[in-house]
Amino acid sequence: MNSAANSSARRATKTKQAVLWTLLTVYGLLTLYPLFWLFLSSFKSTQDFFNRPFGLPEAWKFENFSNAWESSNIGQAFGNSLITTLGALAITLFISLLAAFILARFRFRFKGAILAFFVVGMLVPIHSTLVPLFIMMKEISMLNTYWALIFPYTAFALPTAIFVLTAYLATIPKDLEEAAFMDGSGLWGIFFRIMIPISLPALSTVVILSFLHSWNDFSFALVLITSTGLKTLPLAIANFADGYQTDYGLTLAAMTIAVIPTIVMYMIFQEQVMKGMTAGAVKG
Amino acid sequence: MKALSSRKFILMGLLPATLIYALFVFVPVIWSSYYGFFDWSGIGEAHYIGFDNYVEIFRDPIFWTALNNNIIFVLASVFGQIPIALIVAILVQKDGRLTRFLRTAVFMPMVLSTVVIGMIWQYIYHPQIGILNFLLQALGLESWQRVWLSEDYGIFSLIPPLIWSFVGLYLIIFIAALQNIPGEIHDAANLDGATGARKLWSVTLPMIKGTIIVAVVLCISGSLKSFDLVYIMTRGGPAHATELLATYMYNSTFSSYRYGFGSAISTTIVLISLVLIGISQWIMSLKSKSKT
């Protein structure tokens, strides 16, 4: 009896669904377009760049990448980014897990004060430390060293790392380390043999956050590094664009080189990256 | 004996993190509040000048332009990112292929270097070779073409890249919140005959109100962190039209070696962000009041 009404209603919902899907797909594609344009244009000659702004390259210039890597310090900058990022990452992981172990597992008088200290620091806007850090590092001759970046990267990664790890350790029963303690393991032994392996899932969040922050940092590098040999990728690319302004394919290839590591990481660990970054943002 | 050794362990374990954090986050802020009272070029003697740097800042029209632009960024984030993220999240909340594609796509800019983002958008806006003006030409809308990063339009042209970069964060936060609404609530709403817009307004949105407020607070506190994007795209120009507090600080310190003045601006930024955090806390307290 009402099957006709039903089917027309169903058809209406179907049309609505189709319109919705189309709109959302268009939105997703538009979002990706700037990145797609970057990848495509990085294979173009300057000629193609002007003549075919939306099209495929007439001739694919793979040598844009090797030229960018070799002739213009991008390879060196990649190495510098790797050293400072991994340096900060290693220090952050070790000292934040150590601090989290103590904050989650021991009872002592100034625990609340120490936690509060890290919370208050999260409110400090990064850029307000640039000028004083520059002055400070100038005084102690730390400007233009890897440490000039490793220390600030570590310092600003610490609060989120400590909170993520402390919260994680608080969920794990204490029996394990108590048994180890009875067996005569020292506290350092417990830390290395039990805490590190147990914390691996939470440590992966810390790795992702710390890696992305350090790898993508521009402002610390801009202020604290001036010598060409020490420039990190974002800084080198910003300068690259000033120097090679007319060779667009080359500049875009350099930009592509800089984003590939984070995109690969994102593609492999997508869920962890999203979870980590939203947790980091909400807590930070 | 045991108590003693664990006390030593606690101290040694907390020392590295606390020390690095204090030295590279706290000490700089305290130093800059001190140097803010000096006239100092980095070399030679620093001269104590009291509040002169602060007087100069508040008399400087560029400072007010920068503050105004920061406020435009806050409003654009709150009224741009949050509605877009919320609408998309509501439309795609069920898991599926389209949802996964959209989440992946919209979140992607979050992992990219801001330098690269800024440069891509610089090319998009470029007056002669930019793809935006090309596109307008192709569509026969030549009259809409303009110099996008100019004195008149610059600050508004910076808003789409700003929204594009961060909207993914809020989308993920909202999708998580929507998926956390218990199934029974949807069932109850359906039994009561609440569907479509009615259910959205009287069931779904109130359930994620807390998350929306957190997102607004994040937008506000994130606004003062904008530096890279604007520095790369415009350097705060042309004629200081797109200056933000952070670029104003950078430009006045490092282009003219005025470290005392720059320190005073840094301290001002800390104070302004404390005020913003106070406002956020107040919004949060309203949220907890409305809950009870």
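Rules used throughout
- In this numbering scheme, every chain counts its residues from 1 along its sequence in written order.
- Labels follow written order: the first chain is A, the first ligand is 1, and so on.
- Local features in a predicted model are, by the rule used here, given only for residues with pLDDT of at least 70; side-chain atom pairs are given and counted only at 80 or more, and totals for whole chains, interfaces and linings are based on all residues.
- Excluded from the side-chain calculation are hydrogens and water; included are all heavy atoms of the structure.
- To qualify as a helix, a DSSP run of H or I must reach at least 4 residues; to qualify as a strand, a run of E must reach at least 2; elements of each kind are numbered from the N terminus.
- Our radius of gyration is a C-alpha quantity, and the globule rule it is checked against amounts to 2.2 Å times the number of residues to the power 0.38.
- Think of it in three bands: with a 1.4 Å probe and only protein chains considered, a residue is buried below 20% of the maximum accessible area for its type, exposed above 50%, and partly exposed in between.
- Computed with a 1.4 Å probe, the accessible areas rest on the Shrake-Rupley method; for each residue, only the protein chains presented here act as cover.
- For this count, His and the chain ends are skipped, Lys and Arg are scored as positive, and Asp and Glu as negative.
- Each charge is placed at NZ for Lys, CZ for Arg, CG for Asp and CD for Glu.
- The contact criterion used is simple: two residues touch if any of their non-hydrogen atoms lie within 4.5 Å.
- N or O atoms closer than or at 3.5 Å make up a polar contact, with two conditions inside protein: a donor-capable atom paired with an acceptor-capable one, and, for residues adjacent in sequence, both atoms drawn from side chains.
- For the domains described, the bounds stem from an automatic or database domain assignment.
- Each of two parts loses accessible area, computed with a 1.4 Å probe, when they are put together; buried area is these two losses added.
- A side-chain nitrogen of Lys or Arg and a carboxyl oxygen of Asp or Glu constitute a salt bridge if their distance falls within 4 Å.
- When residues are grouped by polarity, Ala, Val, Leu, Ile, Met, Phe, Trp, Tyr, Cys and Pro land in nonpolar, Asp, Glu, Lys and Arg in charged, and all others, Gly among them, in polar.
- The aromatic pairing rule takes the rings of Phe, Tyr and Trp, using the six-membered ring of Trp, and pairs them if the centres are within 6.5 Å, calling planes under 30 degrees apart stacked, those over 60 edge-to-face and the rest tilted.
- Distance and angle both matter: a charge sits over a ring if NZ of Lys or CZ of Arg is within 6 Å of the ring centre and within 35 degrees of the ring normal.
- We define the nonpolar core as a collection of buried residues of types Ala, Val, Leu, Ile, Met, Phe, Trp, Tyr and Cys that are connected through side-chain atoms lying within 4.5 Å of one another.

(A) Here's a closer look at the overall build of chain B. Within chain B one finds 14 helices and two strands. Relative to its length of 292 residues, chain B is extended, with a C-alpha radius of gyration of 24 Å against a globular reference of 19 Å. Along the first, second and third principal axes, the C-alpha atoms of chain B reach 80 × 75 × 35 Å. Looking at chain B as a whole, 54% of its 292 residues qualify as buried. Just so you have it, chain B exposes about 13900 Å², and 66% of that area is on carbon and sulfur atoms. Distance between charge centroids for chain B: 16 Å, based on 18 positive and 14 negative side chains.

(B) Looking closely at the environment of Ser128(A). Tracing the backbone through its elements, the reader meets Ser128(A) in the loop between helix H5 (111-122) and helix H6 (130-139). Excluding its chain neighbours within four sequence positions, the residues that come into contact with Ser128(A) are Ser266(B), Ile269(B) and Val270(B). Among the polar contacts listed, one links the side chain of Ser128(A) to the backbone oxygen of Pro125(A), at a separation of 2.7 Å.

(C) Region of the structure containing the side chain of Gln81(B). Residue and element names in this part refer to chain B. Checked against the element boundaries, Gln-81 lands in helix H3 (residues 61-92). The buried category is assigned to Gln-81, whose relative accessible area is 2%. In this view, Gln-81 contacts Ala-76, Leu-162, Ile-163, Phe-166, Val-167, Tyr-170 and Cys-219; residues no more than four positions away in its chain are not counted.

(D) Main features of unusual backbone geometry. All names here are of chain A. Unlike most non-glycine residues, Ser-141 shows phi in positive territory, near 55°. Examined against the element boundaries, Ser-141 turns out to sit in the loop between H6 and helix H7 (147-170). Among the residues examined, Ser-141 registers a relative accessible area of 60% and is labelled exposed. Positive phi, close to 60°, is recorded for Asn-144, a residue that is not glycine.

(E) Just helix H4 (residues 97-107) of chain B, in detail. Of all eleven residues in H4(B), eight are buried; the element is thus mostly enclosed. Among the residues of H4(B), those classed as buried are Leu98(B), Thr99(B), Leu102(B), Arg103(B), Thr104(B), Ala105(B), Val106(B) and Phe107(B).

(F) Here's a closer look at the domain arrangement of chain A. Residue and element names in this part refer to chain A. Taken domain by domain, chain A comprises domain 1 (2-41) and domain 2 (73-282). Taken together, the contacts link five residues of domain 1 with six residues of domain 2. Where domain 1 abuts domain 2, roughly 460 Å² becomes buried across the two surfaces, and 86% of that area is made up of carbon and sulfur atoms. For domain 1, the biggest contributors to the area lost against domain 2 are Leu-38, Phe-39 and Ser-41; these three give 81% of the whole. Inspection of the region where domain 1 meets domain 2 yields zero salt bridges. Along the contact surface separating domain 1 from domain 2 lie zero residue pairs in polar contact (both at pLDDT 80 or more). A per-class count over the side of domain 1 that touches domain 2 returns four nonpolar, one polar and no charged.

(G) Inspection of the environment of Val264(A) at higher detail. Here Val264(A) shows up in helix H13 (residues 248-268). Taking the C-alpha atoms as reference, Val264(A) lies 17 Å from Pro34(A); in sequence the two are 230 residues apart.

(H) How the structure looks around the packing of aromatic side chains. All names here are of chain B. A full pass over the atoms with the stated rule returns 48 aromatic pairs over all chains. Ring centres 6.0 Å apart and planes at 55° place the aromatic pair Phe-51 and Tyr-54 in the tilted group. In this arrangement the basic side chain of Arg-258 is found over the ring face of Phe-261, its NZ or CZ atom lying 4.2 Å from the centre.

(I) Molecular detail of the interface of chain B and chain A. Contact with chain B, which involves 80 residues of that partner, is made by 89 residues of chain A. Roughly 7700 Å² is buried in total at the junction of chain B and chain A, and carbon and sulfur atoms are behind 84% of that figure. It is Phe9(B), Tyr21(B) and Phe24(B) that lose the most area in chain B upon contact with chain A, and together they represent 10% of the buried surface on that side. Note that Glu271(A) is salt-bridged to Arg103(B), the shortest N-O span being 2.7 Å. Applying the counting rule to chain B against chain A returns eight residue pairs in polar contact (both at pLDDT 80 or more). Residues of the side of chain B that touches chain A, tallied by class, amount to 62 nonpolar, 13 polar and five charged.

(J) Structural context of the nonpolar core. Core analysis: the biggest nonpolar cluster contains 189 residues, and Leu38(A), Leu169(A), Ile237(A), Met255(A) and Phe174(B) have the highest contact counts within it. Here this core spans two domains, since at least three of its residues come from each of domain 1 (2-41) and domain 2 (73-282) of chain A. Sequence-distant contacts of Phe174(B), that is, excluding residues within four places in its chain, are made with Ile82(B), Ala85(B), Leu86(B), Ala89(B), Thr211(B), Ile212(B) and Ala215(B).

(K) Structural view of the pattern of salt bridges. Residue and element names in this part refer to chain B. Within the structure shown, the criterion is met by two salt bridges over all chains. The partner of Glu-56 in a salt bridge is Arg-258, with the nearest N and O atoms 3.0 Å apart. With Glu-56 in helix H2 (residues 52-59) and Arg-258 in the loop between helix H13 (245-254) and helix H14 (259-291), this residue pair connects regions lying 202 residues apart in the sequence.

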